[in-house]
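Next come the chains, spelled out residue by residue.
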Amino acid sequence: MSAEDTKYEQRTVRAIRGSEIRTIQKWESDGWETLDRRQGPLQTQLTFRRPKPRLQRRTILIAGALTLALGGIIAVGATLEGSDSKQAEAPARAAETTEPVPTATPTGAADTERPLTAEANEELALLLSGSDQGQSVEAFAANHRGQLIEFDGSIAAISAHGDYTTRYDILVAYGDYSETHSYGGPNFQLRDVSAADLHLQDKTRDSVRVGDNIRITARVGAFEAESLLFTLDPTSVRIR
């Protein structure tokens, strides 16, 4: 096949300013070619491409045969399952009537939840001092989704969320504020928040500023591998 006939797939990712080289190296090691690079005030948009894999005729035939065979197995299994379920239906219904009904969680119980801290939780300590990406970061986000964490951080950047003038995307870094030094950890983001959403504990302040050192308590959101952003939902922010 000639170069003109080669079909490509493209991916566009966003990297935090300063982490572009690591992002490019990661994608190029997976066989992607850097096609375009557009730098913004906080993030850089990177476009990659690579040739689409070609499926051999033999591979397609084998896949088709396996699909047909699997369909036959599923049909037989469904028939057997139907006959078995009828026999188990009566005991199962009897068991349902004897099981105790779970007691609902009292309103306000979440207020007593203790957040994970680096001092008491080794997994969080490793997250905060480790890389801004990778399997360990993805696993922490997946395993602790919705759970409270608490750590010392700083306000690294603030930008308007979309076209809003009172809602913001706030970048939080682990450790004290520095323009030249990183203490490690993911690029935490408080996305689409107002000043009230921060739940500031310092009554002399109505918002936060770039450079503020803070103690933040927040619920774990999602880690976005393409943008390298780890979202948090703040429940308490205290100026240190």
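Residues numbered from 1 in each chain as written. Predicted model: local features only at pLDDT ≥ 70, side-chain atom pairs only at ≥ 80, totals over all residues. Heavy atoms only, no water.

So, about the overall build of the protein. When you go through the protein residue by residue, the secondary structure sums to four helices and nine strands. In sequence order, the protein lays out its α and β elements as β-α-β-β-α-β-α-α-β-β-β-β-β. Out of the 240 residues belonging to the protein, those deemed buried represent 29%. For the protein, the accessible area works out to roughly 15,800 Å², and carbon and sulfur atoms hold 51% of it. (Helix = DSSP H or I, 4+ residues; strand = E, 2+ residues; numbered from the N terminus. Buried < 20%, exposed > 50% of the residue type's maximum accessible area, 1.4 Å probe, protein only. Areas by Shrake-Rupley, 256 points an atom, 1.4 Å probe, with all protein chains shown as cover.)

What follows is about the confidence of the model for the protein. Chain-level statistics for the protein give a pLDDT mean of 80 and a share of 74% at 70 or above. Note on residues 90-110: pLDDT is under 50 here. Beyond four places in sequence and across chains, it has one contact. (pLDDT = per-residue confidence, 0-100. Contact = heavy atoms within 4.5 Å.)

Along the chain, the position of Ser154 falls in strand β5 (residues 148-160). Of the polar contacts made by the side chain of Ser154, one reaches the backbone oxygen of Gly175; its length is 3.3 Å. In contact with Ser154, not counting residues within four places along its chain, are Leu171, Val172, Ala173, Gly175, Asp176, Tyr177, Asp212, Asn213 and Ile214. (Polar contact = N/O pair within 3.5 Å; in protein donor to acceptor, adjacent residues only side chain to side chain.)

Time to look at the environment of His161. Along the chain, the position of His161 falls in the loop between β5 and β6 (168-174). Along the backbone, His161 and Asp192 are 31 residues apart, and their C-alpha atoms lie at a distance of 5.7 Å. Other than its neighbours up to four places away in sequence, His161 contacts Arg167, Tyr168, Asp169, Arg191 and Asp192.

Moving on, we come to the pairing of strand β3 (residues 43-51). The side chains of a regular strand alternate, residue by residue, between the two faces of the sheet. Pairing of strand β1 (residues 8-16) with β3 involves nine bridges; the strand directions are antiparallel. What sits directly across from Glu9, in β3, is Arg50. In terms of strand pairing, strand β2 (residues 33-39) meets β3 through six bridges, oriented antiparallel. Looking at β3, one finds that Asp36 is bridged to Thr47. (Pairing = 2+ DSSP bridges.)

Here Ser227 lies in the loop between β8 (213-224) and β9 (229-239). Dropping the residues within four chain positions of it, Ser227 is found in contact with Arg14, Ala15 and Ile16.

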